[in-house]
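# Breakdown of the fold
One letter stands for each residue in the lines below.
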Amino acid sequence: MTTDNNQTKTDGSEKIIAEVKHQRELREKTYRERALKLFPHVCAKCSREFTGKKLRELTVHHRDHDHDNNPPDGSNWELLCIYCHDNEHSRNLDAQWYGPEGPGVDQGPSLTHNPFASLGALLKNKK
Ligand SMILES: [Zn+2]
Ligand SMILES: [Zn+2]
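Residues numbered from 1 in each chain as written. Chains lettered and ligands numbered in written order. Predicted model: local features only at pLDDT ≥ 70, side-chain atom pairs only at ≥ 80, totals over all residues.

### Comments concerning unusual backbone geometry
The phi dihedral of S47 is positive, around 60°, even though this residue is not glycine. Residue S47 is classed as exposed on the basis of its C-beta count, with 9 C-beta atoms lying within 10 Å. Look at H65: it is not a glycine, yet its phi comes out positive at around 65°. Relative to the assigned elements, H65 resides in the loop between β1 (58-62) and β2 (77-81). Exposure remark for H65: the 11 C-beta atoms within 10 Å place this residue in the exposed category. (Buried ≥ 20, exposed ≤ 12 C-beta atoms within 10 Å, placed from the backbone. Helix = DSSP H or I, 4+ residues; strand = E, 2+ residues; numbered from the N terminus.)

Listed below in structure tokens is the structure:
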């Protein structure tokens, strides 16, 4: 028999963190299993099929990035392989970085700042 009750931990915060992590893992496992039942085991991006042990590489992506938004019809889920999932998130990080227009809109800071504005002011001063 093991008695680890008298193990005095700091303040129990470690336990709480572990518990939160456990809850999250549990929830992720649940919605992953639900998503795997709903969708074919194919990556939505690269169309690779995942079977057997490979299935571990297929993950659930949340379209709106809200992991708490898990509608039963799976409308917020997308099955992505770990590689495409990674891409998806780095792309969204980029989008955040670039703003809602995205990197496709060629509008650097040099365009918003008009170099001729100061030139015009200079010319006006000369007149
Ligand atoms: Zn993929
Ligand atoms: Zn995701």
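Having seen the model, we can carry on.
### Points about the nonpolar core
Generally speaking, soluble globular proteins have nonpolar side chains that are buried together. Ranked by size, the top nonpolar core spans nine residues in total: A35, C43, L58, V60, W77, L79, L80, C81 and C84. Counting residues per element, the ones that place at least two in this core are β1 and β2. With four residues, β2 is the largest single contributor of residues to this core. Apart from the residues within four sequence positions on either side, L79 is in contact with A35, F39, V42, C43, A44, L58 and V60. (Core = buried A, V, L, I, M, F, W, Y, C linked by C-beta atoms within 7 Å. Contact = placed C-beta atoms within 7 Å.)

### What about the environment of A35?
For A35, the location among the structural elements is in helix α1 (residues 13-38). Since 20 C-beta atoms lie within 10 Å of it, A35 is described here as buried. Spatially, the C-alpha atoms of A35 and T59 are 9.2 Å apart, while their sequence positions differ by 24 residues.

### Considering the pairing of β2
Among the five residues that make up β2, four are buried, leaving the element largely enclosed by the rest of the structure. Note: β1 against β2, five bridges, orientation antiparallel. Residue pairing in the sheet places H61 in a bridge with E78 of β2. (Pairing = 2+ DSSP bridges.)

### Things to note about the environment of P40
Summarising the element assignment, P40 is placed in the loop between α1 and β1. In this structure P40 comes out as exposed when scored by C-beta crowding, with 9 C-beta atoms within 10 Å. It is 8.6 Å that separates the C-alpha atoms of P40 and L79, two residues lying 39 residues apart in sequence.

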